[in-house]
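Residues per chain are reported as follows:
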Amino acid sequence: MTDVIRVHDVSKQFALRKDKSLKERLVNARRSRENAESFWALRDIDLTFASGSTTGLIGHNGSGKSTLLKIIGGILTPSSGYVERRGRLAALLELGAGFHGDLTGRENVYLNAAILGLTRKQTDGYFDEIVDFSGIENFIDTQVKFYSSGMYVRLAFAVAVHVDPEILLVDEVLSVGDEPFQRKCLDRIRRFQREGRTIVFVSHGLDQVRQLCDRAVLLDHGNQLVDGTPTEAVRAFRDLNQAAEEAEEENVDIAAQGTRRVTISDVSVADLDGRPVRTLPSGAGLQVRFRVDPGSRLDDWIVGVALEDSGGQVVWGANSDMQGFSLPELTGAPEEVTVEFPEVPLSEGVYQVSIAVASTGNKIVYHRVNRLATFRVVTDAYEDGAVHLRPGYRVGDQAVPRGGVPLESAAGER
Amino acid sequence: MPHQQRGAASPAAPTRTIGPAVGAGEAPLEDQPLERVNQPVSFWRGFVPTVRDIWAYRELLGQLIRKELKVKYKDSVLGFVWTLLRPLLYLLVYAVAIGVFLGSGKVIPGFGIYLFTGLLAWTLFTDIIGGCTGSIVGNAGLVKKVYFPRELFPLSVVGAAMINVLLQAVILILAYLATWSFPSPANLPLIPLALVALLLFSVGLGLILAASNVFLRDVTHLVEVGLLLWFWMTPIVYDWTKVRTTLTVDNDLAWLFQVYLANPMANIVLAFQRALWPGGQTEAGAAFYYDGNLYVRLGVLIAAGLVFVWVAQRLFARSQGNFAQEL
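Residues numbered from 1 in each chain as written. Chains lettered and ligands numbered in written order. Predicted model: local features only at pLDDT ≥ 70, side-chain atom pairs only at ≥ 80, totals over all residues.

Details of the overall build of chain A
Of the regular secondary structure elements, chain A holds 10 helices and 20 strands. The buried share of chain A, taken over its 414 residues, is 38%. Within chain A, counting contacts between residues at least 6 apart in sequence, those at least 24 apart form 73% of the total. (Helix = DSSP H or I, 4+ residues; strand = E, 2+ residues; numbered from the N terminus. Buried ≥ 20, exposed ≤ 12 C-beta atoms within 10 Å, placed from the backbone. Contact = placed C-beta atoms within 7 Å.)

Here it is, written out as structure tokens:
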């Protein structure tokens, strides 16, 4: 395999100048020097990209992902280090960057195609295809300033994918448009991959990175933290997020509701043996433990538990009543409650536990604590969706053995 | 994830695009050399590669010029007529104020055409300078997101200005027909020379102004004021003999007159008047043709202009690495 892009020890320093006009510079002459604060957007990045590879750049906002793309694309020059590359390059750093609101869709297609490197003749040839792909035939002769943002993006992407680059730089543009259109875009990206083009893309959609990339690089404050498989990088990124969240947890008053007739405290997550855990392999058992303090005798009470993923989506939720358990009367003394899940076949990710104590039918909510405990599930498999399933494959009568690391041990090591 | 070829159903054109990177050609990727992005070039040698680069992007330049022209008068009812109305209005104002009230019209034959030939050169100059100054800042969105030679922005302004001038020249031809007086063909070779000099000079200045405006927005306003001053330092609405009389006859300031004539725009405007204003062929008007050797003057200007463009481009190239982050 050939290296298509080589990034050699690239660093980029930005000067933050706050005064722009001559007047401001004269008035603030003394402060001008102080105003020229600088920060490192990238530090000592050293990467090579092989032809045909798809690499995802992940990291927080401001971690330097876009800056790195711009340096590869030649839009910014690095403060030190240099980039080498071969082959034609198209950078989709912003959809419709070349669009002019006063021009019609048709005129903009020609202009944008020229910006991305197509000749007029080639654009003529692709024009119908582009319009077809965008699906906005009826508005092609309308000025784009009258377009909805969805239409705008559709047309821009349609132009961009019809340029025929060997290297494609994509910055966070795949997350636009409605779902069918997104799927169309992803299909296009996959086709690019099959055609052996090199793709470098920035995304905040970690699932997208895992689906599309064969490699991922995690950047944090301009430093290159992880360069490895998407699973590794995404996991490291989630660790980073978790650390940040935990730091925040200390200060945040966890959203709590209820009459406080009963109070919940000491929420923790443990494995089946009762040892506190933060990380567990998918499929292992889990205990959610907490303390209830009813203050006085109470016989009408239920316990509700919900597990949410990092996107806030409830992946499981129920209460003891719904599940057919009626809880014994509380005497008034604090009591330890354990909700035990014999197995948690969730897909990889960070999950948060919310707990509520209420009267039957949720008529009175005594106490509800949201997202008070966090745990992480790890798997060794590439998969999509919320649950971790372990299918076997059979071709004809022949069962296909699984290659690589045995599932259990791989997950157990972490 | 199941994925069907829905979006990609359209038959893929198997041809590989030859984009601006034509140099890379059709060779398989492995055979293409690794090229350093933004290769630092020495100050002395960077000009020729840039010109080659711009040539490779000529299609885009065409599109950008088209955009400039379309956007300027989009949504206006009169559209391109405005291109003609503006100089006509200037013409009217100067013809009345200076030709009639100040009496120049009685002295200079065909004063309207005299004014218009000068204004033609001047409009081209101001269109280029004014347009170039804002060209990088005005296209910030593109500068920050896409790479192509940044010189294309000022150059697209130049292209659009040239087309405008061609349209305005139609008025001149109509004026010839109306007055049935035509310029002498003997002087016409001055026009291409004057145009080349004007383009070189204004492109060079435009490049410098475009780049400096990125770092200091005051440049826009400076240019406005500067052009106003420059307009009156150029014999467009008055004739050059008045300046000569004032400086060399009334006062002993011949050197100042030479300084006045060193203004490139003065030479270009004088050449335009000589080539395009038929009034000078009459006995009354002959004095208003500039009597120096305009061919030599324009030749010197072109030579200096070439050097100037080279210097300007090198300065532009030096600063352009910082455009994207300054905008």
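Looking at the overall build of chain B
Along the backbone of chain B there are 14 helices and one strand. Principal axes of the C-alpha set define a box for chain B whose edges measure 85 × 45 × 40 Å. For chain B, the proportion of its 327 residues judged to be buried stands at 38%. For chain B, the share of sequence-separated contacts (at least 6 apart) that also reach a separation of at least 24 residues comes to 82%.

A look at the packing of helix α4 (residues 105–115) of chain A against helix α5 (residues 120–134) of chain A
Residues and elements named next belong to chain A. Viewed as axis vectors pointing N to C, α4 and α5 meet at an angle of 125 degrees, and their least axial separation amounts to 10 Å. As summarised for this structure, α4 and α5 are arranged oblique, according to the angle between their axes. Handedness of the α4/α5 crossing: right-handed. Residue-level inspection shows Val-109, Tyr-110 and Ala-113 of α4 in contact with α5, the latter providing Arg-120, Thr-123, Phe-127 and Ile-130. Of the residues in the contact of α4 with α5, the class split is five nonpolar, one polar and one charged. (Axes fitted to C-alpha atoms, helices over the stretch in contact; angles between N-to-C directions. Parallel < 35°, antiparallel > 145°, perpendicular 65-115°, else oblique. Left-handed = near helix turned anticlockwise from the far one by under 90°. Nonpolar A, V, L, I, M, F, W, Y, C, P; charged D, E, K, R; others polar.)

Thoughts on the sheet that holds strand β11 (residues 263–270) of chain A
Residues and elements named next belong to chain A. Pairing in this open sheet of three strands is antiparallel, and the strands run β11-β13-β16 from one edge to the other. On the outer flanks of this sheet lie β11 and β16 (335–341), each paired with one strand and no other. Neighbour-to-neighbour, the strand axes of this sheet turn through a mean angle of 20 degrees, independent of strand direction. (Pairing = 2+ DSSP bridges.)

Digging into the sheet that holds strand β8 (residues 215–220) of chain A
All names here are of chain A. Strand order across the open sheet formed by six strands is β5-β6-β7-β3-β8-β9, with mixed pairing between neighbours. Because the sheet does not close on itself, it has two edges, and the strands there are β5 (89–92) and β9 (223–228). Here the strands of the sheet are splayed against their neighbours by 15 degrees on average, with no regard to which way each runs. Bridge analysis of strand β3 (residues 54–58) against strand β7 (residues 198–202) gives four bridges, and the strand direction is parallel. For Thr-55, the partnering residue across the bridge sits in β7 and is Val-200.

Focus on the confidence of the model for chain B
All names here are of chain B. Looking at chain B as a whole, its pLDDT mean stands at 84, while 91% of the residues score no less than 70. Helix α8 (residues 190–215) holds the highest mean pLDDT among the elements of chain B, 94, whereas strand β1 (residues 35–36) holds the lowest, 78. In this model, residues 1–25 is a region of pLDDT below 50 whose contacts with residues beyond four sequence positions or in other chains number 38 contacts. Here the predicted complex scores 0.73 on pTM and 0.73 on ipTM. (pLDDT = per-residue confidence, 0-100.)

Quick notes on unusual backbone geometry
Here A:His221, not a glycine, exhibits a phi torsion of approximately 50 degrees, which is positive. Relative to the helices and strands, A:His221 resides in the loop between β8 and β9. Since 15 C-beta atoms lie within 10 Å of it, A:His221 is described here as partly exposed. One non-glycine residue, B:Trp180, lies in positive phi territory at about 50 degrees. Position of B:Trp180 among the secondary structure elements: in the loop between α7 (152–179) and α8. The exposure class of B:Trp180 is exposed, given the 7 C-beta atoms found within 10 Å.

Points about helix α13 (residues 294–320) of chain B
All names here are of chain B. With 27 residues, α13 should reach 39 Å at 1.5 Å per residue; the first-to-last C-alpha distance of 37 Å fits that figure. Leu-294, Arg-297, Leu-298, Leu-301, Gly-305, Val-309, Ala-312, Gln-313, Phe-316, Ala-317 and Gln-320 are the residues of α13 that are buried. Tucked inside the fold, the buried residues of α13 contact α1 (47–56), α8, α12 (264–276) and α14 (323–326). (Expected span 1.5 Å × (residues − 1).)

Re the environment of B:Ala121
Residues and elements named next belong to chain B. Among the secondary structure elements, Ala-121 is positioned in helix α5 (residues 111–138). Sequence separation between Ala-121 and Trp-44 is 77 residues; the distance between their C-alpha atoms is 32 Å. With residues up to four places along the chain from it excluded, the contact list for Ala-121 reads Leu-198, Ile-268, Val-269 and Phe-272.

Here we look at the interface of chain A and chain B
Taken together, the contact between chain A and chain B spans 54 residues of the former and 44 residues of the latter. Put simply, the parts of the chain that give the side of chain A that touches chain B at least two residues each are β1 (3–16), α3 (65–73), β4 (80–85), α4, α5 and α7 (179–194) of chain A. Top element by residues in the side of chain A that touches chain B is α5(A). It accounts for seven residues. Looking at side-chain class alone, the side of chain A that touches chain B contains 19 nonpolar, 14 polar and 21 charged residues. In this structure, β4(A) lies alongside β1(B), joined through two bridges in antiparallel fashion. Within the sheet, the bridge partner assigned to A:Glu84 lies in β1(B) and is B:Arg36.

A word on the environment of B:Ile54
Locating B:Ile54 in the fold gives a position in helix α1. In contact with B:Ile54, not counting residues within four places along its chain, are B:Pro149, B:Glu151 and B:Leu152.

Here's the deal with the confidence of the model for chain A
Per-residue confidence for chain A averages 82 on the pLDDT scale, and 87% of its residues sit at or above 70. Counting contacts from residues 407–414 of chain A, a segment whose pLDDT is below 50, to residues more than four positions away or on other chains yields 12 contacts.

What to know about the packing of helix α2 (residues 58–72) of chain B against α7(B)
For any two helices packed against each other, the geometry comes down to the angle between their axes and how far apart the axes lie. All names here are of chain B. Two numbers describe how α2 lies on α7: the axes approach to 8 Å, and their chain directions differ by 60 degrees. The angle between α2 and α7 places the two elements in the oblique class. Every pair of crossing elements has a handedness; the one defined by α2 and α7 is right-handed. Contacts between α2 and α7 involve Leu-60, Leu-61, Leu-64, Ile-65, Glu-68 and Leu-69 from the first element and Leu-152, Leu-155, Ser-156, Val-157, Gly-159, Ala-160 and Ile-163 from the second. Taken together, the residues that form the contact of α2 with α7 break down as 10 nonpolar, two polar and one charged.

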